[in-house]
Amino acid sequence: MLVPRSVAGWTIAVFGAMAVVFGVAGLISPGTVAAGAGFDDLDGAGRTFATASSMASLNMGVYYLVATATEWRPFFLFTVPFRLLTFTVFTGLVVTDVAPGAFLGVAVWEAVGAVATGLGLWFDSRRGVHK
C-alpha cells in the first residue's frame, strides 16, 4: 500500500482522493454535484459542462495521487499559488453574482487546500524532508 511520505504529501493525497470521489460522483449524477455547488437546473449545455467538470476533477485527482505516490515535491509547491488563484477567481464569481453563493464552498476548499499544502511544505522543510 502506498502512503504519503510527508505532511505535504498527505495534503495532496487528501485533495486527490476527494477530487476522484467528486469526479466519479459527478459522472454518475452530474445534477447532484451541481446542486451541491448551488446550481439548480442542468439542462443541455449545463449538464454537459457539469459532466465535463466532473471528468476534469477525476483526472486532476489522479494527477494528485500520482504526485503523492512519487513524492513529487515541485508539483506540491506548484499547486499552492494556483489553488490560491482558483480561490480568488471562484470568490470573484460569487461576489459578482456570476455564480451562486454556495459556490463559495468550492473556493474555500481550494484556499484551505493551498494553505494546508503550503504549511505542510514548510513543516517538511523544517524536518529536513526534501526531494
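In what follows, the structure referred to is the one given above.
Here the structure is a predicted model, which is why all the values come from computation and not from measurement.

Draft legend 1. How the structure looks around the packing of aromatic side chains. With the rule as written, the count across this model stands at seven aromatic pairs. Here the aromatic rings of Phe-15 and Trp-109 are separated by 4.8 Å at their centres, their planes lie at 40°, and the arrangement is tilted. One end of the pair, Phe-15, is in helix H1 (residues 7–28); the other, Trp-109, is in helix H5 (residues 104–127), with 94 residues separating them in the sequence. The exposure class assigned to Phe-15 is buried, which follows from its relative accessible area of 7%. A ring pair is formed by Phe-22 and Trp-109, whose centres lie 5.7 Å apart and whose planes are at 85°; its orientation type is edge-to-face. Separated by 87 residues along the polypeptide, Phe-22 in helix H1 and Trp-109 in helix H5 bring together distant segments of the chain. We classify Trp-109 as partly exposed; its relative accessible area is 24%. Linked through ring pairs, Phe-15, Phe-22, Tyr-64, Trp-72, Phe-75 and Trp-109 together constitute an aromatic cluster. The lysine or arginine in question, Arg-83, covers the ring of Phe-15, its NZ or CZ lying 3.7 Å from the ring centre.

Draft legend 2. Here's a closer look at the environment of Asp-124. The residue Asp-124 is located in helix H5 in this model. With relative accessibility at 0%, the residue Asp-124 sits in the buried group. Remark: the alpha-carbon pair of Asp-124 and Thr-91, spanning 33 residues in sequence, is separated by 30 Å. Sequence-distant contacts of Asp-124, that is, excluding residues within four places in its chain, are made with Ser-6, Val-7, Ala-8, Arg-73 and Val-129.

Draft legend 3. Representation of the packing of H1 against helix H3 (residues 45–69) within the structure. The N-to-C vectors of H1 and H3 enclose an angle of 155°; their axes lie 7 Å apart at closest approach. It follows that H1 is roughly antiparallel to H3 by the angle criterion. Where H1 crosses over H3, the two elements pack in a sense that is left-handed. Classifying every residue of the contact of H1 with H3 gives 15 nonpolar, nine polar and no charged.

Reading the values: the criteria
Along each chain, residues carry numbers from 1 onward, in the same order as the chain's sequence is written. Totals for whole chains, interfaces and linings use every residue, but because this is a predicted model, local features are given only for residues with pLDDT of at least 70 and side-chain atom pairs only at 80 or more, for both listing and counting. Side-chain measures were taken over the full set of non-hydrogen atoms in the model, leaving aside hydrogen atoms and water. Two aromatic rings from Phe, Tyr or Trp, using only the six-membered ring of Trp, form a pair when their centres are within 6.5 Å; if the ring planes differ by under 30 degrees the pair is stacked, by over 60 it is edge-to-face, and anything between is tilted. Put simply, DSSP marks the helices as runs of H or I at least four residues long and the strands as runs of E at least two long, and each gets a number from the N terminus on. The classification of residues rests on relative accessible area computed with a 1.4 Å probe and restricted to protein chains. Under 20% of the type maximum is buried, over 50% is exposed, and intermediate values are partly exposed. Put simply, a charge is over a ring when the Lys NZ or the Arg CZ is close to the ring centre, within 6 Å, and near the line of the ring normal, within 35 degrees. Two residues form a contact once any of their heavy atoms are found within 4.5 Å. Fitted lines through C-alpha atoms serve as axes, helices being fitted only where they are in contact, and the angles separating the N-to-C directions of these axes extend from 0 to 180 degrees. When describing relative orientation, an angle under 35 degrees is termed roughly parallel and one over 145 degrees roughly antiparallel, while 65 to 115 degrees is termed roughly perpendicular and anything else oblique. For a crossing to be left-handed, the near helix must be turned anticlockwise from the far one by less than a right angle; the clockwise case is right-handed. Three classes are used: nonpolar for Ala, Val, Leu, Ile, Met, Phe, Trp, Tyr, Cys and Pro, charged for Asp, Glu, Lys and Arg, and polar for all others, with Gly counted as polar.

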